[in-house]
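Structural overview
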Amino acid sequence: MSDKSIVLENVDLSLGRGAARVHILKSVSLTVGRGEAVGLVGPSGSGKSTLLMTMAGLERPDSGRVTIDGAELTAMDEDALARFRGRRIGIVFQSFHLVPTMTALENVALPLELAGAGDAFERAASELRSVGLGERLSHYPAQLSGGEQQRVAIARAIAPDPAILVADEPTGNLDETTGGSIVDLLFALKRERGATLVLVTHDTGLARACDRTVRLRSGRIEADAASQAA
Ligand code: ADP
Ligand code: MG
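Quantities reported herein were computed from a predicted structural model and do not represent experimental measurements.

The rules behind each value
- Residues numbered from 1 in each chain as written.
- Chains lettered and ligands numbered in written order.
- Predicted model: local features only at pLDDT ≥ 70, side-chain atom pairs only at ≥ 80, totals over all residues.
- Heavy atoms only, no water.
- Helix = DSSP H or I, 4+ residues; strand = E, 2+ residues; numbered from the N terminus.
- Rg over C-alpha atoms; globule rule 2.2 N^0.38 Å.
- Buried < 20%, exposed > 50% of the residue type's maximum accessible area, 1.4 Å probe, protein only.
- Contact = heavy atoms within 4.5 Å.
- Salt bridge = Lys/Arg side-chain N within 4 Å of Asp/Glu carboxyl O.
- Pairing = 2+ DSSP bridges.
- Right-handed = clockwise from strand over helix to strand, strands pointing away.
- Axes fitted to C-alpha atoms, helices over the stretch in contact; angles between N-to-C directions.
- Parallel < 35°, antiparallel > 145°, perpendicular 65-115°, else oblique.
- Left-handed = near helix turned anticlockwise from the far one by under 90°.
- Nonpolar A, V, L, I, M, F, W, Y, C, P; charged D, E, K, R; others polar.
- 1 Å grid on protein atoms, 1.4 Å probe; cavity = no way out; pocket = protein on both sides within 12 Å on 5 of 7 lines; lining within 4 Å.
- Points joined across faces, edges and corners; volume = space filled by probe spheres on them.

1. Describing the overall build of the protein
Assigned secondary structure in the protein consists of 7 helices and 10 strands. A globule of 230 residues ought to have a C-alpha radius of gyration of about 17 Å, and the protein, at 17 Å, matches this closely. Here the C-alpha coordinates of the protein stretch approximately 45 × 40 × 40 Å along the principal axes. In the protein, buried positions account for 50% of the 230 residues. For the protein, contacts bridging at least 24 residues in sequence account for 66% of all contacts bridging at least 6.

2. Here we look at the pattern of salt bridges
Inspection of every chain in the model, using the stated rule, returns 12 salt bridges. A salt bridge links Arg65 to Glu9; the shortest N-O distance between them is 3.1 Å. Of this pair, Arg65 sits in strand β4 (residues 63-68) while Glu9 sits in strand β1 (residues 4-15), placing them 56 residues apart in sequence. Classification of Glu9 as partly exposed rests on a relative accessible area of 31%. Here Glu148 ties to Arg136 by a salt bridge, and the two come within 3.4 Å at their closest N and O atoms. You can see Glu148 sitting in helix α5 (residues 146-158) and its partner Arg136 sitting in the loop between α4 (120-130) and α5, a full 12 residues away along the chain. The exposure class of Arg136 is partly exposed, given its relative accessible area of 29%. When salt bridges with common partners are traced through the structure, they connect Glu9, Arg65 and Glu72 into a single cluster.

3. Looking at the pairing of strand β8 (residues 196-200)
Taking burial as the measure, the 5 residues of β8 include 5 buried ones, the bulk of the element. Every second residue of β8 is oriented toward a common face, with Thr196, Val198 and Val200 on one face and Leu197 and Leu199 on the other, all of them buried. Summarising the sheet, strand β3 (residues 37-41) and β8 pair through 4 bridges and their orientation is parallel. Bridged to Leu40 within β8 is Val200. Remark: the strand β7 (residues 164-168)/helix α6 (residues 176-193)/β8 crossover connection has right-handed handedness.

4. Examining the packing of helix α3 (residues 104-114) against α4
Between two packed helices, the angle of one axis relative to the other and the distance separating the axes together describe the packing. Axis separation between α3 and α4 bottoms out at 8 Å; the angle between their running directions is 125 degrees. Classified by the angle their axes make, α3 and α4 are oblique. For the pair α3 and α4, the crossing hand works out as right-handed. Counting all contacts with α3, which are made through Ala104, Leu105, Glu106, Val108, Ala109, Leu112 and Glu113, the residues of α4 involved are Ala120, Phe121, Arg123, Ala124, Ala125, Glu127 and Leu128. Here the contact of α3 with α4 is composed, by residue class, of 10 nonpolar, no polar and 4 charged.

5. Brief notes about the layout of surface pockets
Gaps left between atoms are located by rolling a probe of water-molecule size over the structure's atoms. Of the volumes computed, that of the largest pocket is approximately 550 Å³. Lining of the largest pocket is provided by 20 residues; of these, Arg85, Gly86, Ile89, Pro111 and Leu114 occupy positions nearest its centre. Breaking the lining of the largest pocket down by element, the ones donating at least two residues are α2 (78-88), β6 (89-92), α3 and α5. A total of 5 residues in the lining of the largest pocket trace back to one element, the largest contributor, which is α2. When grouped by side-chain class, the residues that make up the lining of the largest pocket number 12 nonpolar, 4 polar and 4 charged. Reported here for the second largest pocket is a volume of approximately 290 Å³. In terms of lining, the second largest pocket is formed by 16 residues, of which the most central are Val41, Thr204, Ala207, Thr213 and Arg215. Those elements that provide at least two residues to the lining of the second largest pocket are α7 (204-209), β9 (212-217) and β10 (220-226). Per element, the largest residue contribution to the lining of the second largest pocket is 4 residues, and it comes from β10. Residue composition of the lining of the second largest pocket, grouped by class: 5 nonpolar, 7 polar and 4 charged.

Just geometry here; none of it tells us what the structure is for.
Okay, here's the thing in structure tokens:
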């Protein structure tokens with residue numbers, strides 16, 4: 001297997017229709033190594049979320065190529081892409097995106113069931129224990145704190161054992177202490193499972209914790225360097 005986890009080549013991407021169409025990503029090329037942690041930073045509106053969603057196969061470029069673990073996402077049809085995403089890519093959002101009518105256990109089991117796992121609920125329970133929520137299996141999202149909801153979202157993202165984990169401002173809606181524990185959790189999981197981690201953050205401490213920082217400006221990569229030691 002290649003040591004390249006994520007490869008973007010000359011990616012251009014626009015969103016919106018007609019006069020509202022915006023050219024967001026401009027000739028973005030980027031390679032992320034297997035097991036590497038990359039912090040994606042830059043001003044608001046610079047295209048960080050769009051770039052992250054492009055890596056995760058949720059946005060399709062107008063042109064250019066996206067390859068994950070040697071598989072070219074940009075050559076897949078929607079069904080193949082959805083299957084690939086479900087098995088190989090874990091996604092964590094700032095606002096958690098849990099299904100409100102499902103318990104913590106059901107939320108985490110959902111992607112496992114979709115992937116056809118026979119033991120979806122056992123594995124979901126074990127993932128929830130590993131993020132410290134063994135006592136919250138039958139709670140609904142509204143009955144959980146923000147930090148707990150983010151832990152459920154992380155358990156859901158990692159349950160299928162994805163090769164890459166992407167997180168869009170995962171601590172953006174949390175207080176500093178809770179955010180810190182979420183960061184520790186993400187890095188612990190990355191270390192234990194050898195997953196590649198790409199996260200968008202405004203937090204310079206968090207960016208420094210990554211192996212490398214990629215800075216976007218107006219849809220272009222402005223800087224890409226090993227993170228400075230604290
Ligand atoms: P960031 O995460 O760095 O704040 P985004 O990737 O969310 O930036 O957005 C980059 C730019 O693209 C912004 O100017 C935003 O307004 C625009 N944009 C995002 N989504 C859409 C969309 N669906 N249609 C049109 N423009 C969009
Ligand atoms: Mg964003």
